Amino acid sequence: MAEKRDYYEVLGLQKGCSDDELKKAYRTMAKKYHPDLNPGDKTAEAKFKEVNEAYEILSDSQKRARYDQFGHAGVDPSYGAGAGAGGFAGGFDMGDLGDIFSDIFGGFGFGGSTRTRNPNAPIRGNDVSVQIGISFMEAAKGAKQTIQIQRLERCDDCQGSGAKKGTSAETCSDCHGSGQVRVGQRTPFGMVQTTKTCPKCGGKGKTIKEPCESCRGMGRVRHIRKLEINIPAGIDDGQTFILRGQGDHGINGGPAGDVNVTVSVRPDPLFERDGFDMWCEIPITYSQAVLGDEIVVPTIDGKVKYTVPEGTQSATVFRLRNKGIQFVNGRGRGDQYVKVVVEVPKNLTNKQKDALKNFENLTTDKNYEKRKGFFDKIRDAMGKN
Ligand SMILES: [Zn+2]
Ligand SMILES: [Zn+2]
């Protein structure tokens, strides 16, 4: 495999560039190498893939930070040795680091400060956050996707008790299950009784003589799961949707947490989005603008025909009602705006130039309303010379 190019270099950017610069560079490059615009061109196709990959990593702040620090090995598990285990398809990329933290903290699912009086009270599982990259079309129309998450699930072998099969957790003999013990403390005001976390059971109120081997006594184990998700139509870049009850399992019968899915929408080479409206720009020729013509307009439902009327000025905007983005929380859609821009022809042959000069000689003020009006104004304001 050839040496991978630096993602910033691929997009023609410098490390430390802003999100806006990143988006702009991506739009330009994606347009340049888009397969639709370069049919059959294998080099363009490869470049297009490279550009997309670079954008997918750099537009995700977490991945970008990893990439800045570790290079390709930080974001691609198949690149070099010893990289993290997380793939980037699902957007979840904690890798080995995540496991280390889960070993230290994850088994409890709650911090010291919230370790309350009753250690047997049900506790809701933590939320799990993932970030996914989707295309403009997927955001506009909705899509199904499979994502990968890591979550803590109740251990099947011990039914969550943490005790080895055939044994059970016992109520702590020091704190009698409360998880806290009273201690006398000498202070300037004399002896004061305070409570502190029971050192014998660590505040759990229970002791486990023989811990379950599967969960090492934690009662929950970390699993990697694939979830089939429906991306809601109309979702926009940076928005988050929630999969209820798909996060970490609870403790002591508490409910599961949620999975928060944040989407990062790749810019589209044709469409730009503005709320639920969308814009596209279509180049037309000089004679199409002058004579009128039927043009093909891309929409998210496919191509439609649109008749540009005779005498259409450059930068005229047409509105296609209800051809925009689906409202994410209701019925109806936004509109699509189509801006037609007259492309001035270049690289004319002499023959073409002559034809144009002949045409120009045949035009009069009657053909150029604006131009005539403009020179009338100049004359009014500045006199004949
Ligand atoms: Zn277990
Ligand atoms: Zn105890």
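Residues numbered from 1 in each chain as written. Chains lettered and ligands numbered in written order. Predicted model: local features only at pLDDT ≥ 70, side-chain atom pairs only at ≥ 80, totals over all residues. Heavy atoms only, no water.

Draft legend 1. View of the sheet that holds strand β1 (residues 128-134). Ordered by their spatial adjacency, three strands build an open sheet running β1-β9-β8, and the pairing between neighbours is mixed. Two strands close off the open sheet at either side, each with one partner strand: β1 and β8 (240-243). Across the sheet, the mean angle from the axis of one strand to that of its neighbour is 30°, orientation sign disregarded. Judged from the four bridges that link them, β8 and strand β9 (residues 259-265) form a sheet pairing that is antiparallel. Bridge pairing in β9 links Phe 241 to Val 261. (Pairing = 2+ DSSP bridges. Helix = DSSP H or I, 4+ residues; strand = E, 2+ residues; numbered from the N terminus. Axes fitted to C-alpha atoms, helices over the stretch in contact; angles between N-to-C directions.)

Draft legend 2. Spatial organisation of the coordination of the zinc ion (ligand 1). Around the zinc ion (ligand 1), the donor atoms from the protein are Cys 155 (SG), Cys 158 (SG), Cys 212 (SG) and Cys 215 (SG), and they sit 2.3 Å away. Around the zinc ion (ligand 1) sit four donor atoms; with metal-centred angles ranging over 104 to 118°, the donor geometry is tetrahedral. Between consecutive donors of the zinc ion (ligand 1), the numbers of intervening residues give the motif C-x2-C-x53-C-x2-C. Highlighted residues: Cys 155 in the loop between β2 (143-154) and β3 (170-171) and Cys 215 in the loop between β6 (206-207) and β7 (220-231), separated in sequence by 60 residues. Residue class for Cys 215 comes out buried when judged on its relative accessible area of 3%. (Donors = N, O, S within 2.8 Å, 3.2 Å for Na, K, Ca; no water. Tetrahedral: all angles 85-135°; square planar, octahedral: opposite > 155°, others 65-115°. Buried < 20%, exposed > 50% of the residue type's maximum accessible area, 1.4 Å probe, protein only.)

Draft legend 3. Expanded view of the sheet that holds strand β10 (residues 271-274). Within the open sheet, the four strands sit side by side as β10-β11-β15-β14. Their pairing is mixed. Taken across any chain shown, the strands that pair with only one partner, and hence form the sheet edges, are β10 and β14 (316-320). Taking each pair of neighbouring strands and ignoring which way they run, the sheet shows an average axis angle of 25°. With four bridges connecting them, β10 and strand β11 (residues 277-284) associate as antiparallel partners.

Draft legend 4. Just the coordination of the zinc ion (ligand 2), in detail. Within the protein, the zinc ion (ligand 2) binds to Cys 172 (SG), Cys 175 (SG), Cys 198 (SG) and Cys 201 (SG); these donor distances fall in the range 2.2 to 2.3 Å. Classification of the site at the zinc ion (ligand 2) as tetrahedral follows from its four donor atoms and the range of 102 to 117° in their angles at the metal. For the zinc ion (ligand 2), the single-chain donor residues occur in sequence as C-x2-C-x22-C-x2-C. Of this pair, Cys 175 sits in the loop between β3 and β4 (180-187) while Cys 198 sits in the loop between β5 (190-197) and β6; the two residues are 23 residues apart in sequence, bridging distant segments of the chain. Considered together, Cys 175 and Cys 198 belong to a single accessibility category, that of buried residues.

Draft legend 5. Quick peek at the confidence of the model for the protein chain. Predicted confidence across the protein chain gives a mean pLDDT of 84, with 88% of residues reaching 70 or more. Contacts of residues 80-116 to residues separated by more than four positions or lying in other chains number 58 contacts, the stretch itself having pLDDT below 50. (pLDDT = per-residue confidence, 0-100. Contact = heavy atoms within 4.5 Å.)

Draft legend 6. The nonpolar core, seen in detail. One finds Tyr 7, Leu 11, Leu 13, Val 51, Leu 58 and Tyr 67 to be the most contacted residues of the largest nonpolar core, which totals 21 residues. Elements represented by at least two residues in this core include exactly α1 (7-10), α2 (19-33) and α3 (42-58). When residues in this core are grouped by element, the largest group, seven residues, is from α3. If sequence neighbours within four positions are ignored, Leu 13 has contacts with Tyr 8, Glu 21, Leu 22 and Ala 25. (Core = buried A, V, L, I, M, F, W, Y, C linked by side-chain atoms within 4.5 Å.)

Draft legend 7. Spatial organisation of the pattern of salt bridges. For the structure shown, the criterion picks out 22 salt bridges. Between Glu 50 and Arg 5 there is a salt bridge whose closest N-O contact spans 3.1 Å. In this pair, Glu 50 sits in helix α3 while Arg 5 sits in the segment before α1, placing the two residues 45 residues apart along the sequence. By relative accessible area, Glu 50 is classed as partly exposed at 25%. We classify Arg 5 as partly exposed; its relative accessible area is 31%. The closest approach of N and O atoms between Asp 376 and Arg 379, which form a salt bridge, is 2.6 Å. With Asp 376 and Arg 379 both in helix α9 (residues 369-382) and three residues apart, this pair spans about one turn of that helix. Judged by relative accessible area, which is 41%, Arg 379 ranks as partly exposed. (Salt bridge = Lys/Arg side-chain N within 4 Å of Asp/Glu carboxyl O.)

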